[in-house]
Amino acid sequence: MAKNKVYALIIQGLVQGVGFRPFIYRIAKDLGMKGCVENMNNGVRILVATTPDDRDLLISRIRTEHPRVAYIHRISYTSTEMDEDDFDDFTITPSHSESDEVTQVSPDIDVCADCMRDRTTQPHRIGYPFINCTHCGPRFSIIRDLPYDRSQTTMGGFLMCPDCEKEYTNVIDRRFHAQPVACNHCGPTYYATYNEETYIDYETLLKLTSRLLLGGEVIAAKGIGGYHLICDASNERAVARLREIKQRDTKPFAVMFRDLEHLQVYTATEPMEERCLVSWRRPIVLLRQRSRLASGINPGMHTLGCMLSYMPIHYDWFARTGIPALVMTSGNLSDLPIAITPEDAEAQLAGKVAILLHHNRPIHNRVDDSVLQVCGGQPCLIRRSRGYVPEPFFTDTNVEGIMAFGAEKVNTFALGKGETILQSQYIGDLKNWETFRFYTESMERFRHLFRFNLQRLVCDLHPDYLSSQEAERISKSLSLPLLKVQHHHAHAAACMLEHGLNEPVLAIVMDGTGLGDDGKVWGGEFFFL
Ligand SMILES: [Zn+2]
Ligand SMILES: [Zn+2]
Ligand SMILES: [Zn+2]
């Protein structure tokens, strides 16, 4: 009898921590294939004994049916010397705990529709506000170390109950290897103190916070990547109070809408904008405003930053209050990084808001809400954070060991790992001491998380930027080479990389003034690159 060949398929992209191996398991079983699937340091590897036709069928099904969060950059395959008889079934090879193999971390994902349904049907998860599965829930915000395993996340302190454990270990369950899996019996909970009474019952807290929101109060609540300040977006007095608390004069606030229908009453949307709004990344999308909510939200502006619910409690607030839109702005005083610990939130906001709603799932990596605007039919990121970070960019060149320190005002940094670039979350203005500390701490965390081996530093040409000074300092102390790049040139090069341009280009960079190569002030350059 003719033997099938064994093929090794390598799938690169965002394929780890998003339910990819169970997905492969299911279609391989469905196609009656034998083999295995495992995480590798460059993606996911499938070994499968099959015919060329079925191999192609498998690839096409992977491309069309993959989990909603997964992103496939490339699928390549080779045939191996293995014998078909090496497999008697299709299996998921467990990750080796101590190795460097897993280098991918998924961004945080909005709660999925299946989980929202499970909240109404599963006895141990009725109304549970921290429900999640293999396809949704927190990821980057809770991860401390790789491989992505519960004990390496801030869920490590929560012992799974037998029900959750059963789901976690069942390969065909929606929660197979869902690291943050939890329920009413074993998972994180909200808590708050109000009028000197401490509450931990979710239903009570939901009722209380809904009442406060309806009463025009400003509340603070811990989310996925940090605290939010929240109030009714139609209530002028509440929004004015929020401005007072934030110590922010005119900078616009973001608004979370109950659903797309309510959002479209107040804004005009195009199909791509709608697609971004409903995507699992749940960014804030800048939209053209049609009619006004409270005027204090975005004084004098025609655009409104809008998003949709992404945590169960958001849905619950809208259902309870009937409010069409809530102002949802970062929980910090002007210029400080967004608060992530109950202590920090209390220190910044106690006495100013009606209630501080905490939860006991620690946030390890701070991530603000991301902001984008659709320009020419394409989403353009203005602030790349929750839902996007740390998804890598792929290059065709080896960028291993390169650390780019970023600019000063709207800082992010990036590091190179093989042929991928990992960009940090939005950091902010480094001139603020707390933000600078967030910067150095995040750099440390990225270096640790991605097992980064620093070999070369890159910074802005501007010697006064705090990021440039930090690069100088580290380069001197480690005796490593430092490359200084003109700011506008860096923008052009980044743009080329993002869009895979390898041919000669004319880059027009309109980024205000900056220090030029010749020591003069530049502003608005044409580069031939
Ligand atoms: Zn889910
Ligand atoms: Zn449980
Ligand atoms: Zn710039």
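Right, let's walk through the structure included here. (Residues numbered from 1 in each chain as written. Chains lettered and ligands numbered in written order. Predicted model: local features only at pLDDT ≥ 70, side-chain atom pairs only at ≥ 80, totals over all residues. Heavy atoms only, no water.)

In terms of burial, strand 14 (residues 325-330) is a largely internal element, 6 of the 6 residues being buried. Note: strand 9 (residues 227-232) against strand 14, 5 bridges, orientation antiparallel. Looking across to strand 14, one finds that Leu229 is bridged to Thr329. Bridging between strand 10 (residues 255-257) and strand 14 involves 3 bridges; their strand directions are antiparallel. Paired with Phe257 across the strands is Ala325, a residue of strand 14. (Buried < 20%, exposed > 50% of the residue type's maximum accessible area, 1.4 Å probe, protein only. Helix = DSSP H or I, 4+ residues; strand = E, 2+ residues; numbered from the N terminus. Pairing = 2+ DSSP bridges.)

Take unusual backbone geometry next. The linkage connecting Val389 with the following residue, Pro390, adopts the cis geometry, with an omega of 5°. Structurally, Pro390 is set in the loop between strand 17 (378-383) and strand 18 (393-394). Positive phi outside glycine occurs at Glu196, with the angle close to 65°. Its identity as a non-glycine residue notwithstanding, Arg451 has a phi of 50°, on the positive side. Tracing the backbone shows Arg451 in the loop between helix 11 (433-449) and strand 22 (456-460).

All of the protein donors around the zinc ion (ligand 1) are Cys112 (SG), Cys115 (SG), Cys133 (SG) and Cys136 (SG); their distances to the metal are 2.3 to 2.4 Å. Around the zinc ion (ligand 1) sit 4 donor atoms, and with donor-metal-donor angles ranging over 105 to 116° the site reads as tetrahedral. Every donor residue of the zinc ion (ligand 1) comes from the same chain, spaced as C-x2-C-x17-C-x2-C. With a gap of 21 residues between them, Cys115 in helix 3 (residues 113-121) and Cys136 in the loop between helix 3 and helix 4 (162-169) connect regions that are remote in the sequence. (Donors = N, O, S within 2.8 Å, 3.2 Å for Na, K, Ca; no water. Tetrahedral: all angles 85-135°; square planar, octahedral: opposite > 155°, others 65-115°.)

Moving on, we get to the coordination of the zinc ion (ligand 3). Surrounding the zinc ion (ligand 3) are the protein donor atoms His487 (NE2), His491 (NE2) and Asp511 (OD), at 2.1 Å. Considered as a linear motif, the donors of the zinc ion (ligand 3) on their single chain read H-x3-H-x19-D. With His491 in helix 13 (residues 487-498) and Asp511 in strand 24 (residues 506-515), this residue pair connects regions lying 20 residues apart in the sequence.

The quantities given are spatial measurements derived from coordinates; they are silent on function.
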